[in-house]
Amino acid sequence: MQDVAEHAAVAKGTVYLYFPSRDALCASVAERNLSRLLSEFEGLADAAPDGMSAMEHVLENWLSHLDKRPHVGRVMAEWWRTKDLDANCDAFKAYQNRAQGMLRFFEELLERGQSDGSIHEDVLPRYDALALWGAVFGGQLFSSNPSGTRLRLGAFDPALLRGAQLRSLLRSLSARP
């Protein structure tokens, strides 16, 4: 909270006036971000001819969004590692609701693709939606800390990761060889 206050050039007490806890602050930021993304994703999906095309456009947009905001991935990764969350605050409940809406959106895209034959039928929408979210999040973690990733995993070019990640995710879903 002190870092946020310093960055915003306000007193720490002012931050606490609006956000009673670190979790409330993180949840508010995450909820706002997910809300904006979900709105964009729905527009992209509506304009796509089939479920697989919709998924491709949505994932491209999501990865691009995260590439432009590596700090979001770092903050969210730190927050996700927290074991003791203030899950009773209104901000967290709003975030939780929005996150569940995002997950339902991905489930519906997968179901749409299964219905139109563009996504293979053995996909389990709930679990594949979770796996997609985790894969996108994991790629963002690698890209947001390239030196740490190189130290842990060896040489890699963050600029090539996004394309490889997108191709891998889409191939795993596609009903077409």
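Use the structure listed above.
A quick note: this is a predicted structure, and the numbers were derived from the prediction, not measured.

## Some details on the overall build of the protein
Then step 1. On a plain count of helices and strands, the protein comes out with nine helices and zero strands.
Then step 2. Taken from N to C terminus, the helices and strands of the protein fall in the order α-α-α-α-α-α-α-α-α.
Then step 3. For the protein, the spread of C-alpha atoms along the principal axes amounts to about 55 × 40 × 30 Å.
Then step 4. Out of the 177 residues belonging to the protein, those deemed buried represent 40%.
Then step 5. As displayed, the protein offers around 10,300 Å² of accessible surface, 53% of which is attributable to carbon and sulfur atoms.
Then step 6. Computed over 20 positive and 23 negative side-chain charges, the inter-centroid distance for the protein is 6 Å.

## Section: the pattern of salt bridges
Then step 1. Using the criterion set out here, one finds four salt bridges in the structure.
Then step 2. We note a salt bridge from Arg-22 to Asp-23, for which the minimum N-O separation is 3.8 Å.
Then step 3. Its relative accessible area of 5% is what places Asp-23 among the buried residues.
Then step 4. Measuring nitrogen to oxygen at the nearest pair gives 3.1 Å for the salt bridge that ties Asp-67 to Arg-162. With a gap of 95 residues between them, Asp-67 in helix H4 (residues 51–68) and Arg-162 in helix H9 (residues 158–173) connect regions that are remote in the sequence.

## Description of the environment of Gly-43
Then step 1. Checked against the element boundaries, Gly-43 lands in helix H3 (residues 22–47).
Then step 2. Note on Gly-43: relative accessible area 40%, which makes it partly exposed.
Then step 3. In this structure, the C-alpha to C-alpha distance between Gly-43 and Val-58, residues 15 residues apart in sequence, is 9.3 Å.

## Observations regarding the packing of H3 against H4
Then step 1. At their nearest, the axes of H3 and H4 sit 9 Å apart, and the two run at 150° to each other. Crossing hand, H3 versus H4: right-handed. From H3, Asn-33, Arg-36, Leu-37, Glu-40, Phe-41, Leu-44 and Ala-45 reach across to H4, where they touch Ala-54, His-57, Val-58, Asn-61, Trp-62 and His-65.
Then step 2. For the contact of H3 with H4, the residue count by class is seven nonpolar, four polar and two charged.

## Re the nonpolar core
Then step 1. Counting residues in each nonpolar core, the largest one holds 42 residues, and the members touching the most others are Met-55, Leu-59, Trp-62 and Phe-106.
Then step 2. For this core, the elements supplying multiple residues, two or more each, are H3, H4, helix H5 (70–80), helix H6 (90–116), helix H7 (125–144) and H9.
Then step 3. It is H6 that contributes the most residues to this core, 10 residues altogether.
Then step 4. Ignoring sequence-local partners within four residues, the contact set of Met-55 consists of Phe-106, Leu-109, Leu-110, Leu-132, Leu-170 and Leu-173.

## Focus on the packing of H4 against H9
Then step 1. Where H4 contacts H9, the axes come no closer than 10 Å and their chain directions differ by 155°. Here H9 runs roughly antiparallel to H4, going by the angle between their axes. Considering how the two elements wind past one another, H4 and H9 form a crossing that is right-handed. On the side of H4, the interface is formed by Met-52, Met-55, Glu-56, Leu-59, Glu-60, Leu-63, Ser-64 and Asp-67, while H9 contributes Arg-162, Gln-165, Leu-166, Leu-169, Leu-170 and Leu-173.
Then step 2. Among the residues making up the contact of H4 with H9, the classes are represented as eight nonpolar, two polar and four charged.

## Considerations on a nonpolar patch on the surface
Then step 1. A cluster of nonpolar side chains, namely Leu-124, Tyr-127 and Leu-130, defines an oily patch on the protein surface of about 330 Å² accessible area.
Then step 2. Mapped onto the secondary structure, Leu-124 falls in the loop between H6 and H7.

Parameters and conventions
Residues numbered from 1 in each chain as written. Predicted model: local features only at pLDDT ≥ 70, side-chain atom pairs only at ≥ 80, totals over all residues. Heavy atoms only, no water. Helix = DSSP H or I, 4+ residues; strand = E, 2+ residues; numbered from the N terminus. Buried < 20%, exposed > 50% of the residue type's maximum accessible area, 1.4 Å probe, protein only. Areas by Shrake-Rupley, 256 points an atom, 1.4 Å probe, with all protein chains shown as cover. Lys, Arg positive; Asp, Glu negative; His and termini not counted. Charge placed at Lys NZ, Arg CZ, Asp CG, Glu CD. Salt bridge = Lys/Arg side-chain N within 4 Å of Asp/Glu carboxyl O. Axes fitted to C-alpha atoms, helices over the stretch in contact; angles between N-to-C directions. Left-handed = near helix turned anticlockwise from the far one by under 90°. Contact = heavy atoms within 4.5 Å. Nonpolar A, V, L, I, M, F, W, Y, C, P; charged D, E, K, R; others polar. Core = buried A, V, L, I, M, F, W, Y, C linked by side-chain atoms within 4.5 Å. Parallel < 35°, antiparallel > 145°, perpendicular 65-115°, else oblique. Patch = residues over 30% accessible without salt bridge, like charges linked within 9 Å, V, L, I, M, F, W, Y side chains within 5 Å.

Just geometry here; none of it tells us what the structure is for.
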